[in-house]
Amino acid sequence: MNQEELKKILPHRDNMLLIDECELVDGEAHGKCHIRPDQWFLQGHFPGHPVVPGVILCEMLAQTSCVLLKEDIQPGQLSLFTSLDKVRFKHPVYPGDTLETKVRLTRQKKPFYFAEGEGYVNGKLCVKAEFSFAITGV
């Protein structure tokens, strides 16, 4: 899926749509986020040494997970974070990197969904987390 196809699932637009492409592979969502030097979250983080903020890496994982729910999210519904747990930042992500995300659902108790995911740059683990979210009406 490219960004136009992702817009049919994700409500994010403009600068907040962070994943560039995504696909389902054996029950896992695999996404790619190309980090451009001009992205808004790098402008002050940190001058002279830009690093993707950890919260943005977590959001990239969350956006990737929504692809797993494309059949469950109905028009007028949103998927909202309800928790982040065991978040670990193993290696910084820089402008010019491509973060490759892998996310899988671990369980569900509707409207809550639980997942775990990782983000890699050139095969090197940069972030991993467990998280949950709920599908809710607007």
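Conventions adopted
- Residues numbered from 1 in each chain as written.
- Predicted model: local features only at pLDDT ≥ 70, side-chain atom pairs only at ≥ 80, totals over all residues.
- Heavy atoms only, no water.
- Pairing = 2+ DSSP bridges.
- Helix = DSSP H or I, 4+ residues; strand = E, 2+ residues; numbered from the N terminus.
- Phe/Tyr/Trp six-rings, centres within 6.5 Å; stacked < 30°, edge-to-face > 60°.
- Buried < 20%, exposed > 50% of the residue type's maximum accessible area, 1.4 Å probe, protein only.
- Lys NZ or Arg CZ within 6 Å of the ring centre and 35° of its normal.
- Axes fitted to C-alpha atoms, helices over the stretch in contact; angles between N-to-C directions.
- Contact = heavy atoms within 4.5 Å.
- pLDDT = per-residue confidence, 0-100.

S.K.: Whenever I open this one, the pairing of strand 6 (residues 124–137) confuses me. Can you help?
M.R.: Within a regular beta strand, the side chains point alternately toward one face of the sheet and then the other, so they alternate between its two faces. Bridging between strand 3 (residues 77–89) and strand 6 involves ten bridges; their strand directions are antiparallel. Looking across to strand 6, one finds that Gln77 is bridged to Gly137. As defined by bridge partners, strand 5 (residues 112–121) adjoins strand 6 across ten bridges and the pair is classed as antiparallel. From the neighbouring strand, Ala115 faces strand 6, where its bridge partner is Phe131. Hairpin geometry of strand 5 and strand 6 is characterised by an intervening segment of two residues between the two adjacent antiparallel strands and by a positive phi of about 50° at Asn122.

S.K.: Could you clarify how one ought to interpret the packing of aromatic side chains in this entry?
M.R.: What describes a pair of aromatic rings is the distance from one ring centre to the other and the angle between the planes of the rings. Using the criterion set out here, one finds four aromatic pairs in the structure. When the ring of Phe81 is compared with that of Phe131, the centres are 6.0 Å apart and the planes differ by 80°; the resulting orientation is edge-to-face. Of this pair, Phe81 sits in strand 3 while Phe131 sits in strand 6; the two residues are 50 residues apart in sequence, bridging distant segments of the chain. Its relative accessible area of 35% is what places Phe81 among the partly exposed residues. Judged by its relative accessible area of 3%, Phe131 falls in the buried class. One aromatic cluster in this structure is built from Phe81, Tyr113, Phe131 and Phe133. Above the face of the Tyr120 ring, Lys102 is positioned so that its terminal group lies 5.4 Å from the ring centre. For Arg107, the ring lying beneath its charged end belongs to Phe114, and the centroid distance is 3.8 Å.

S.K.: Quick question: what am I supposed to make of the sheet that holds strand 5 here?
M.R.: Think of a sheet as strands paired side by side through backbone hydrogen bonds, with each pair either parallel or antiparallel. The six strands are arranged 1-2-4-5-6-3 in an open sheet whose pairing can be described as antiparallel. Both outer strands of the open sheet, strand 1 (21–25) and strand 3, are each paired with one neighbouring strand and no more. Geometrically, the sheet is characterised by an average inter-axis angle of 25° between neighbouring strands, direction not taken into account. The strands that helix 2 (residues 54–66) touches are strand 1, strand 2 (28–34), strand 3, strand 4 (98–109), strand 5 and strand 6; relative to strand 3, the one it contacts most, it runs at about 130°.

S.K.: Explain the confidence of the model for the protein chain here, please?
M.R.: Fine structural detail should not be taken from predicted coordinates in areas where pLDDT scores are low. The predicted model of the protein chain has a mean per-residue pLDDT of 94, with 99% of residues at 70 or higher. Mean pLDDT values for the elements of the protein chain range from 90 in helix 1 (residues 3–6) up to 98 in strand 2.

S.K.: I'm lost on unusual backbone geometry in this one. Help?
M.R.: Glycine aside, negative phi is the norm for most residues, and most peptide bonds take the trans geometry. Each neighbour pair has its own omega, and for His45 with Phe46 the value is 0°, a cis peptide bond. Mapped onto the elements, Phe46 comes out in the loop between strand 2 and helix 2. Backbone torsion omega between Lys110 and Pro111 reads 15°, so that peptide bond is classified as cis. You can see Pro111 is positioned in the loop between strand 4 and strand 5. Phi is positive for Asp26, close to 50°, though the residue is something other than glycine. Taking the relative accessible area as the measure of exposure, Asp26 reaches 81% and is therefore exposed.

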